[in-house]
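# Coordinate inspection notes
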Amino acid sequence: MATHKILLLPGDGIGPEVAAEAKKVLKLFEEAGYGSFETETDLVGGAAIDAHGKPVTDAAVALAKDADAVLFGAVGGPKWDKVAYEIRPEAGLLRLRKDLGLFANLRPAICYGALAEASSLKRDLVEDLDILIVRELTGGVYFGEPKEIVTLESGEKRAVDTQIYTTGEIDRIARVAFDLARTRRNKVSSAEKRNVMKSGVLWNQVVTAIHAKDYADVELEHVLADNCAMQLVRKPKQYDVIVCDNLFGDILSDVAAMLTGSLGMLPSASLGAPDAAGRRASLYEPVHGSAPDIAGQGLANPLAMIGSVAMALRYSLGLGEAADKLEAAIGSVLASGARTRDIAPAGANAIGTGEMGDAVVAAL
Ligand code: NAI
Ligand code: MG
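Please read all numbers here as calculations on a predicted model, not as lab measurements.

Helix and strand content of the protein chain: twelve helices and twelve strands. Principal axes of the C-alpha set define a box for the protein chain whose edges measure 60 × 50 × 50 Å. Within the span of the protein chain, comprising 364 residues, buried residues form 48% of the whole. A sequence separation of at least 24 residues applies to 74% of the contacts in the protein chain between residues at least 6 apart.

Here is the structure:
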């Protein structure tokens, strides 16, 4: 029986609450014969600052590198707002991303039919929507140098951010997108702004070349990133996989996310480069933060975390069938009317974090 090494980093606030529901799901898959899930748990974020004076320890990073998948809850909260910038809770997540080389961020936007009313768009535009945004995560304007604010001789200040992409960086993120498209509806939309950015010109050239060389079977379209934003709210179901740089991906994935309802529903994955044996570092986390306003009350929606488990099963553990079943279970629980407070209509009865986790386990 296969052994799956999981590192669970629950973090702060509602992180531990939703992580507990993820554990229930893993336990069920183990009992059902999908392998042995060896789960280690460690501290990250504020919890690690309290215990170790830093938001992630070298030991935790080593465990993360050794794991088949890292499941991350959320970090941060008012308790740590005054710690030094270098050791703030988020720095733990940034270090993990950097040390694991997680350059590909996968943000699905799935609209379960039962939640279509929660969308800002009309039901028929979003019902059963299933698109995947693949965002480059370690390059581009968020990291490019120079990055500075300088004072000019005139006394005026000038701020500089630098968008940089190499062919290698574009190549590897494009391959992730094409590979994923083959497991889905076989279409990639590459979003850039080649009309005004040199990095967009190169992005377009590299994606076109890789497509011709290695992925001619996948449908490819190029779309200007601003038009992509418009199309996402006009007719989102035209997309399957959208691939884009760090900045456009940040924005487009948030646009797509809101088509589906609540922050409590959104999973994500971050992947590294595969090694010679085909193993790749990976971290799965809900998109939401630690939600201090509802922490400790059992109110958090665990479905973003449970959806992240589904992504781990599919992309890191070779258990695509289990992932399909888990997502179907989420769909059927929602169809049965179960709602945590964040996705319940005003005035309707809501269930708690544990009850929602139990409902998914029961549906499975
Ligand atoms: P947040 O995502 O924690 O919360 C925003 C709003 O959505 C809150 O009203 C919250 O109650 C609600 N919400 C979030 N997740 C929910 C869930 N699963 N179920 C029900 N309701 C949910 O973002 P916010 O308030 O901006 O940040 C709170 C803390 O989280 C800050 O310290 C921030 O730095 C941190 N944060 C951490 C992230 C991470 O760990 N990756 C990401 C975003 C924020
Ligand atoms: Mg964002």
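On to the domain arrangement of the protein chain, then. Examined at the domain level, the protein chain breaks down into domain 1 (1–110 + 263–364) and domain 2 (130–258). Computed from C-alpha coordinates alone, the two centres of domain 1 and domain 2 are separated by 26 Å. Tallying the contact residues gives 15 residues for domain 1 and 16 residues for domain 2. Looking at the side of domain 1 that touches domain 2, the elements that each hand over two or more residues are strand 4 (104–110) and strand 11 (267–271). Tallied by class, the residues present in the side of domain 1 that touches domain 2 amount to eleven nonpolar, two polar and two charged.

As a matter of local geometry, ligand 1 sits amid 21 residues, with Gly76, Gly264, His288, Gly289 and Asn301 nearest to it. Split by residue class, the shell around ligand 1 holds ten nonpolar, seven polar and four charged.

What follows concerns the pairing of strand 10 (residues 241–244). Because side chains alternate across strand 10, one face comprises the buried residues Val241 and Val243, and the other comprises Ile242 and Cys244, equally buried. In this structure, strand 5 (residues 130–136) lies alongside strand 10, joined through four bridges in parallel fashion. Along strand 10, the bridge assignment pairs arginine 135 with cysteine 244.

On to the packing of helix 6 (residues 167–182) against helix 7 (residues 198–214), then. Where helix 6 meets helix 7, the closest approach of the two axes is 9 Å, and the angle between their N-to-C directions is 50 degrees. Between helix 6 and helix 7, the angle is such that the two are oblique. Pair helix 6 / helix 7 crosses with right-handed handedness. Facing Thr167, Ile170, Asp171, Ala174 and Arg175 of helix 6, the residues of helix 7 in contact are Leu202, Trp203, Val206, Val207 and Ile210. Across the contact of helix 6 with helix 7, the residue classes tally to seven nonpolar, one polar and two charged.

What follows is about the nonpolar core. Grouped together as the largest cluster of nonpolar side chains are 112 residues, with contacts concentrated most on Leu71, Val134, Ala177, Ile242 and Val309. For this core, the element with the most residues is helix 10 (residues 303–315), which contributes ten residues. Two domains each donate at least three residues to this core, and these are domain 1 (1–110 + 263–364) and domain 2 (130–258). What alanine 177 contacts, discounting residues up to four positions off in sequence, is Val134, Val188, Val241 and Val243.

Most of strand 3 (residues 69–74) sits inside the fold, with six of its six residues counted as buried. The pairing of strand 1 (residues 3–11) with strand 3 spans five bridges and is parallel. The residue bridging isoleucine 6 from the neighbouring strand is alanine 69, located in strand 3. Here two bridges tie strand 3 to strand 12 (residues 282–286), and the two strands are oriented parallel to one another. The residue of strand 12 that forms the bridge with valine 70 is leucine 283.

To continue, consider the environment of valine 70. Mapped onto the elements, valine 70 comes out in strand 3. The residues contacting valine 70, other than those within four sequence positions of it, are Leu7, Leu9, Ala64, Ser282, Leu283 and Tyr284.

Right, let's get into the sheet that holds strand 4. Strand order across the open sheet formed by ten strands is 2-1-3-12-11-4-5-10-8-9, with mixed pairing between neighbours. In this open sheet, the two edge strands, each paired with only one partner strand, are strand 2 (36–41) and strand 9 (219–224). Ignoring strand direction, the axes of neighbouring strands in this sheet form an average angle of 25 degrees. In terms of strand pairing, strand 4 meets strand 5 through seven bridges, oriented antiparallel. Counted as the bridge partner of arginine 107 is isoleucine 133 from strand 5. The sheet contacts of helix 1 (residues 15–31) involve strand 1, strand 2, strand 3 and strand 12, and relative to strand 3 the element is tilted by about 145 degrees.

Calculation criteria
Residues numbered from 1 in each chain as written. Chains lettered and ligands numbered in written order. Predicted model: local features only at pLDDT ≥ 70, side-chain atom pairs only at ≥ 80, totals over all residues. Helix = DSSP H or I, 4+ residues; strand = E, 2+ residues; numbered from the N terminus. Buried ≥ 20, exposed ≤ 12 C-beta atoms within 10 Å, placed from the backbone. Contact = placed C-beta atoms within 7 Å. Domains from an automatic or database assignment. Nonpolar A, V, L, I, M, F, W, Y, C, P; charged D, E, K, R; others polar. Near = placed C-beta within 6 Å. Pairing = 2+ DSSP bridges. Axes fitted to C-alpha atoms, helices over the stretch in contact; angles between N-to-C directions. Parallel < 35°, antiparallel > 145°, perpendicular 65-115°, else oblique. Left-handed = near helix turned anticlockwise from the far one by under 90°. Core = buried A, V, L, I, M, F, W, Y, C linked by C-beta atoms within 7 Å.

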